[in-house]
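So you can see what is in the structure, the chains are spelled out below.
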Amino acid sequence: MTATRPEGLPELLRHYVGGARTESASGEVFDVLEPSTNEVYIKCASGGAADIDAAVAAARTAFDDGPWPHLMPRERARVLYAIADAVEARHDHLAERESFDSGLPIRQARGQAKRAAENFRFFADLIVAQIDDAFRMPGRQVNYVNRKPKGVAGLITPWNTPFMQESWKLAPALASGCTVVLKPAEFTPLSAELWVEIMEEAGLPEGVFNMVHGFGESAGDALVKHEGVDLISFTGETTTGQLIFANCAPTMKAMSMELGGKSPAIIFADADIDAALDSTLFGVYSLNGERCTASSRLLVQREIYDDFVARYAERAKKIKVGPPSDPETEIAALVHPTHYARVMDYVEIGKSEARLVAGGDRPAHLPEGNYLNATVFADVPADARIFQEEIFGPVVAITPFDTTEEALELANNVKYGLAAYVWTSDLTKAHTVAHRIESGMVWINSHNVRDLRTPFGGVKGSGLGQEGGYRSLEFYSVQQAIHITLGDVHTTRFGATGYTDNDPGLGGPGA
Ligand code: NAD
């Protein structure tokens, strides 16, 4: 089925540097595909080192000479609120573009504008209410924290829910007073185009927001290695994160990394099975399974295992796979043929490692495009590749366990540690198991919903540092400690009187 191209698209998606839309210095462009047909529907400027240089220079000038880093929190918050309003005003437009470009089912794309807008409102509120520490040593010293924006922020984002992911970095970076260079994912550059008009409409000063499109190996790499960039906030695959980590080292950049996951859902026999079924089905098949916190490994207690697997497979078989634009579609097209081929390879690997109980093939009514039926593997051994490796598609691995210890061993025995889900009606067990899971986040009897104030991030191979709430602001700011003497200056007078008792510099009070 041919998708309808959204109206009003330009011929070429361009960079945005210092308040102007620009083409690549090299003139290079790349093709952008529409995932339900894999036809090229637009060209996008392909940035390289020269474009990154220009964008970093614009961001640096806006940081060093512009008003943005020095505005009162309330003034910055007003602009962030205006950005949020401008995002929300494009609700339908955004959903349509996001769905068309990334293959997200339209109904799931519709929530993205609200979530993105909330990110801006949330960080606007946070900077206005922010409190920094001050300490006094009576009669001697006052110490306080002078919070400053860290500088030019390099933001590198993935293709799953791209606009929302971009907002998750843009909002705290701008709230903190940083200027930014955004490098959106090359598979899904379309919705990022909206930031240009949104930032202009909201009155963000020129040069504060810059964007360079292009591939990770060229535009992304140049941004990571640039001397003029003070920090990199990255979301993407673990292997990319490892490379970026190494590439940040020579210039000693601050880094925040949100990486891949292979999150377990542990379902005990005493759980509310209906609720666990609904939640784990939604957890792995919503957003086409292209969700970092997907519950992609289900660990199910032996007493309920056979029944659970049968019910899960039955529901999975009924999931509606269809075009992204159809409001009834539950799973649509995976983002790109390269990614689709990778997911299909895992499906073939899974067939040799475990028992296929649903899906594993392309829906007969969708002969072209990146479609896969909701796929369920049961009896998956712990050393199977489909148990250990992130697939990032509509594929789930189900494994039985007998004891709590065994469940924990299975849950923790992977390189990732992003999210986990625990289903049980035993309160004590819920908490003790949650505490022993090696992951940055655990949901108990719940699917993936969270208060924006809570920490977000992974441990082990799933990330470095945590964002969420004030933690995001910490990452984008420097907390400079200022110490002022009160009264007389107490300094040991080398070359004069020599040492004095109670010298603060030598371990006396206040050392
Ligand atoms: P990816 O690592 O391939 O690419 C992410 C971004 O990095 C893209 O913009 C890409 O161009 C850029 N990039 C690639 N190589 C680079 C390099 N050498 N230097 C600089 N930039 C480079 O990831 P993806 O396939 O776009 O996204 C899917 C992955 O993201 C999955 O592993 C998923 O779990 C993860 N993810 C994690 C979270 C989280 O919060 N933990 C959220 C969403 C997605």
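Residues numbered from 1 in each chain as written. Predicted model: local features only at pLDDT ≥ 70, side-chain atom pairs only at ≥ 80, totals over all residues. Heavy atoms only, no water.

**Q** I'd like to hear about the sheet that holds strand E6 (residues 134-137), residue by residue, with values.
**A** Sheet architecture is open: three strands sit in the order E6-E7-E21, paired in antiparallel fashion. Strand pairing shows two members of the sheet lacking a second neighbour, E6 and strand E21 (477-485), which therefore form its edges. Strand-to-strand twist in this sheet, taken as the mean axis angle between neighbours without regard to direction, amounts to 20°. Sheet topology places strand E7 (residues 141-149) next to E21; nine bridges connect them, and they run antiparallel. (Pairing = 2+ DSSP bridges. Helix = DSSP H or I, 4+ residues; strand = E, 2+ residues; numbered from the N terminus. Axes fitted to C-alpha atoms, helices over the stretch in contact; angles between N-to-C directions.)

**Q** Tell me about the sheet that holds strand E4 (residues 29-34), and name the residues and values.
**A** What the three strands build is an open sheet, ordered E1-E5-E4; its pairing is mixed. Each edge of the sheet is formed by a strand with only one pairing partner; in this case those strands are strand E1 (12-13) and E4. Pairing between E4 and strand E5 (residues 39-45): six bridges, direction antiparallel. Each residue of the ladder has a partner; that of Leu33, found in E5, is Val40.

**Q** Tell me what's going on with helix H9 (residues 238-248), and back it up with residues and numbers.
**A** When we look at burial in H9, the residues that qualify are Thr238, Gly241, Ile244, Asn247 and Cys248. Where the residues of H9 are buried, they touch strand E8 (152-156), helix H8 (216-225), strand E11 (231-235) and strand E12 (254-258). (Buried < 20%, exposed > 50% of the residue type's maximum accessible area, 1.4 Å probe, protein only. Contact = heavy atoms within 4.5 Å.)

**Q** Explain the nonpolar core residue by residue, including any values.
**A** Of all hydrophobic cores here, the largest spans 87 residues; its most connected members are Ile83, Phe120, Leu174, Trp195, Phe209, Tyr285 and Tyr312. If one sorts the elements of this core by residue count, helix H5 (residues 112-129) sits on top with eight residues. Beyond its immediate stretch of four places on either side in the chain, Ile83 contacts Phe120, Leu174, Trp195, Ile198, Met199 and Ala202. (Core = buried A, V, L, I, M, F, W, Y, C linked by side-chain atoms within 4.5 Å.)

**Q** I'd like to hear about the site of the ligand, residue by residue, with values.
**A** Taken together, 30 residues lie around the ligand, and Lys183, Glu186, Thr240, Leu259 and Glu390 are the ones closest in. At 2.6 Å, a side-chain N or O of Glu186 approaches an oxygen atom of the ligand. A distance of 3.2 Å is found between an oxygen atom of the ligand and a backbone nitrogen or oxygen belonging to Gly216. In the complex, the protein chains occlude 93% of the 850 Å² of accessible area that the ligand would expose alone. At the level of elements, H8, E11 and H9 are the ones that each hand at least two residues to the shell around the ligand. A per-element tally of the shell around the ligand places H8 first, with four residues. The residue inventory of the shell around the ligand, partitioned by class, reads 14 nonpolar, 10 polar and six charged. (Near = heavy atom within 4 Å. Polar contact = N/O pair within 3.5 Å; in protein donor to acceptor, adjacent residues only side chain to side chain. Areas by Shrake-Rupley, 256 points an atom, 1.4 Å probe, with all protein chains shown as cover. Nonpolar A, V, L, I, M, F, W, Y, C, P; charged D, E, K, R; others polar.)

**Q** So, the pattern of salt bridges: which residues are in play, and what are the values?
**A** Opposite charge on two side chains permits them to pair, given that their charged atoms come into close proximity. Scanning the model with the defined rule gives 25 salt bridges in all. One salt bridge connects Asp278 with Arg315, and the closest N-O pair in it is separated by 2.9 Å. In this pair, Asp278 sits in helix H10 (residues 273-285) while Arg315 sits in helix H11 (residues 302-318), placing the two residues 37 residues apart along the sequence. Residue classification places Asp278 among the partly exposed positions, given a relative accessible area of 41%. (Salt bridge = Lys/Arg side-chain N within 4 Å of Asp/Glu carboxyl O.)

**Q** Account for the packing of aromatic side chains, with residues named and values stated.
**A** Scanning the model with the defined rule gives 16 aromatic pairs in all. Between Tyr16 and Phe209, the ring centres sit 5.9 Å apart and the planes meet at 35°, which makes this aromatic pair tilted. Placement of Tyr16 in strand E2 (residues 15-17) and of Phe209 in strand E10 (residues 209-211) is noted, with a sequence separation of 193 residues between them. The same class applies to Tyr16 as to Phe209, namely buried. Pairwise contacts between aromatic rings join Phe122, Phe123, Trp168 and Phe456 into one cluster. In this arrangement the basic side chain of Arg76 is found over the ring face of Trp68, its NZ or CZ atom lying 6.0 Å from the centre. Cation over ring: Arg297 sits above Phe387, and NZ or CZ is 4.7 Å from the ring centre. (Phe/Tyr/Trp six-rings, centres within 6.5 Å; stacked < 30°, edge-to-face > 60°. Lys NZ or Arg CZ within 6 Å of the ring centre and 35° of its normal.)

**Q** Would you mind going over the packing of helix H2 (residues 73-89) against helix H7 (residues 193-202) in detail, with residue names and values included?
**A** Two elements in contact, H2 and H7, have axes whose closest approach is 8 Å; the angle formed by their N-to-C orientations is 135°. Classified by the angle between their axes, H2 and H7 sit oblique to one another. Relative to H7, H2 is oriented so that their crossing is right-handed. Mapping the contact onto sequence places Val79, Ala82, Ile83, Ala86 and Val87 in H2 and Trp195, Ile198, Met199, Glu201 and Ala202 in H7. A class-by-class count of the residues in the contact of H2 with H7 yields nine nonpolar, no polar and one charged. (Parallel < 35°, antiparallel > 145°, perpendicular 65-115°, else oblique. Left-handed = near helix turned anticlockwise from the far one by under 90°.)

**Q** With reference to specific residues and values, describe the environment of Phe100.
**A** You can see Phe100 is positioned in helix H3 (residues 91-102). Residues Phe100 and Ser191 lie 91 residues apart in sequence; the distance between their C-alpha atoms is 9.8 Å. Contact partners of Phe100, with chain neighbours within four places excluded, come to Ala3, Thr4, Arg5, Pro6, Glu34, Pro35, Tyr41 and Leu190.

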